[in-house]
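Analysis of the macromolecular model
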Amino acid sequence: MATNKVKGEVKSTKGFYVGDVCYQMTDEDYYADWSNDFEDFEGVHEIHGHTFAIGGTKYGDGEYQDQHGHCYGVDAGNIGILPYELCKDKDIREIEKLGRFIEAKEATFTADDGVIEIEFDNGEYIYINTDYEEDEEDYYDEDED
């Protein structure tokens, strides 16, 4: 669950996978030393010379939507950004089944208390708020006006 504020720059030669990183990392990479036994998984990490970033979701596993209604399934309590170079699937259609693939060269990843924001150098932007309660409050506040 979300506990840390994370901000980082991520680069790729082809693009990025956005979603729960457990779906696109190889088992070897996923269980590598960066995770500290998954106690401090939130943050900016590096393996094989590539930087990636992970933010925790507010309530752990589930399904979360971005501002466009695209769904992200979560089984490891996180949503992150991996450069294509770290994805185990090299077929973009396979990558898209479990998250989103964005063609870009650079991205700024920010996660704070379950809110994930990613800005890409191609102008695309992803906003995912994993705090259901905040969404409900906003919904009901709008109805009262």
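Look up: the structure comes first, before these words.
For the structure given in this document, a descriptive report is provided here. Everything quoted here is computed from the prediction, not taken from an experiment. (Residues numbered from 1 in each chain as written. Predicted model: local features only at pLDDT ≥ 70, side-chain atom pairs only at ≥ 80, totals over all residues. Heavy atoms only, no water.)

Turning to unusual backbone geometry, a few remarks are in order. Not every positive phi belongs to a glycine, and His48 is a case in point at roughly 55°. A positive phi angle, close to 55°, is found at Asp113, a residue other than glycine.

Read across the open sheet, the 5 strands follow the order 3-4-7-2-8; overall the sheet is antiparallel. With partners counted over all chains shown, the strands left at the sheet margins are strand 3 (43–47) and strand 8 (100–102), one partner each. Taking the axes of each pair of neighbouring strands and ignoring which way they run, one obtains an average angle of 20° across the sheet. Here 3 bridges tie strand 2 (residues 16–19) to strand 8, and the two strands are oriented antiparallel to one another. Along strand 8, the bridge assignment pairs Phe16 with Ile102. (Pairing = 2+ DSSP bridges. Helix = DSSP H or I, 4+ residues; strand = E, 2+ residues; numbered from the N terminus. Axes fitted to C-alpha atoms, helices over the stretch in contact; angles between N-to-C directions.)

All right, on to the pattern of salt bridges then. All chains considered together, the criterion is met by 5 salt bridges. The partner of Asp66 in a salt bridge is Arg100, and the shortest N-O contact between them spans 3.3 Å. Here the residue Asp66 occupies a position in the loop between strand 5 (62–65) and strand 6 (71–74), and Arg100 occupies one in strand 8, the gap between them amounting to 34 residues. Among the charged side chains, a salt-bridge network with shared partners connects Asp66, Arg100 and Glu124. (Salt bridge = Lys/Arg side-chain N within 4 Å of Asp/Glu carboxyl O.)

In this structure, Val18, Ile79, Ile81, Phe109, Ile118, Phe120 and Ile126 are the most contacted members of the largest nonpolar core, which totals 20 residues. Listed by contribution, the elements that provide at least two residues to this core are strand 1 (6–11), strand 2, strand 6, strand 7 (78–83), strand 9 (106–112), strand 10 (115–120) and strand 11 (125–129). Counting residues in hydrophobic clusters, the runner-up holds 16 residues, among them Tyr17, Val21, Tyr23 and Phe101. (Core = buried A, V, L, I, M, F, W, Y, C linked by side-chain atoms within 4.5 Å. Buried < 20%, exposed > 50% of the residue type's maximum accessible area, 1.4 Å probe, protein only.)

Attention now goes to the sheet that holds strand 1. The 4 strands are arranged 1-9-10-11 in an open sheet whose pairing can be described as antiparallel. Strands at the two margins of the open sheet, each flanked by one partner only, are strand 1 and strand 11. With strand direction ignored, the average angle separating the axes of adjacent strands in the sheet is 10°. In this sheet, strand 11 lies alongside strand 10 in antiparallel orientation, the contact comprising 5 bridges. Looking at strand 11, one finds that Val115 is bridged to Asn129.

The values are spatial; any link to function lies outside them.
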